[in-house]
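# Survey of secondary and tertiary structure
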Amino acid sequence: MAPQLTTSAEHAARERRLLDRLLGLYGEQRRLYGEVLELSRRQRDMVSAGESLDRVRGVLEAKKSRLDTIRRLELTEDPCKLEWRENRRQWSADGRASLHRALDAVGQVIEEILACEEENDRELLQQCR
């Protein structure tokens, strides 16, 4: 069987569907990572204030819940991410740029979380001394 050629309209529609799915994924990840960041900050404040370990554990569980949700979202959209990667040279410059901006925004929140978690570790070590 000969391969079927796609029209530029079909190609554009396919790109739009993939891009919408991936932008939705990264938008949701950014929101969830933002919640993790807020929880990390709350954890730091609680440790600094000498809150009980049970209360801090509640915040840790809430963070874990958000991270589990992010992992499930990742797995759900793996086929879209794979298709995007495999065909990235075919996609429009605007589409690639939009996706890059979305990924960059997620990355920035992750960097903030990592910095906050380092502060949390330092605060916890000081509390243990």
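### Examining the overall build of the protein
Counting its regular elements, the protein contains three helices and zero strands. Here the C-alpha atoms of the protein give a radius of gyration of 20 Å, more than 25% beyond the 14 Å that 2.2 N^0.38 yields for 129 residues. When the backbone C-alpha atoms are referred to their principal axes, the protein occupies close to 70 × 25 × 20 Å. Evaluated residue by residue, the protein yields a buried proportion of 29% over its 129 residues. Counting contacts in the protein only where the partners sit at least 6 residues apart, residues at least 24 apart contribute 80% of the total. For the protein, the accessible surface area stands at approximately 8900 Å², while carbon and sulfur atoms represent 52% of it. Charged side chains in the protein number 24 positive and 25 negative. The centres of these two groups are separated by 2 Å.

### Quick notes on the environment of Gly107
Tracing the chain through its elements places Gly107 in helix H3 (residues 93–128). Between the alpha carbons of Gly107 and Arg30 there is a distance of 8.5 Å; along the sequence they are 77 residues apart.

### Description of the packing of aromatic side chains
The tally for this structure, following the rule as stated, stands at one aromatic pair. Geometrically, the ring pair formed by Trp84 and Trp91 is stacked, given 5.2 Å between the ring centres and 20 degrees between the ring planes. For Trp91, a relative accessible area of 2% puts it in the buried group.

### Notes on the pattern of salt bridges
Summed over the entire model, instances satisfying the criterion amount to 17 salt bridges. Notably, a salt bridge pairs Arg66 with Glu35, separated by 2.6 Å at the nearest N-O pair. Taken as a pair, Arg66 in helix H2 (residues 53–86) and Glu35 in helix H1 (residues 8–48) lie far apart in primary sequence, 31 residues in all. Note on Glu35: relative accessible area 25%, which makes it partly exposed. Linking Glu119 and Arg44 is a salt bridge whose minimum nitrogen-to-oxygen distance equals 2.9 Å. Here Arg44 lies in helix H1 and Glu119 lies in helix H3, a separation of 75 residues in the sequence. Classification of Glu119 as partly exposed rests on a relative accessible area of 33%. Take Arg44: its relative accessible area is 21%, and that puts it in the partly exposed class.

Cut-offs used in this document
Residues numbered from 1 in each chain as written. Predicted model: local features only at pLDDT ≥ 70, side-chain atom pairs only at ≥ 80, totals over all residues. Heavy atoms only, no water. Helix = DSSP H or I, 4+ residues; strand = E, 2+ residues; numbered from the N terminus. Rg over C-alpha atoms; globule rule 2.2 N^0.38 Å. Buried < 20%, exposed > 50% of the residue type's maximum accessible area, 1.4 Å probe, protein only. Contact = heavy atoms within 4.5 Å. Areas by Shrake-Rupley, 256 points an atom, 1.4 Å probe, with all protein chains shown as cover. Lys, Arg positive; Asp, Glu negative; His and termini not counted. Charge placed at Lys NZ, Arg CZ, Asp CG, Glu CD. Phe/Tyr/Trp six-rings, centres within 6.5 Å; stacked < 30°, edge-to-face > 60°. Salt bridge = Lys/Arg side-chain N within 4 Å of Asp/Glu carboxyl O.

Remember that the coordinates give geometry; whether it matters functionally is a separate question.
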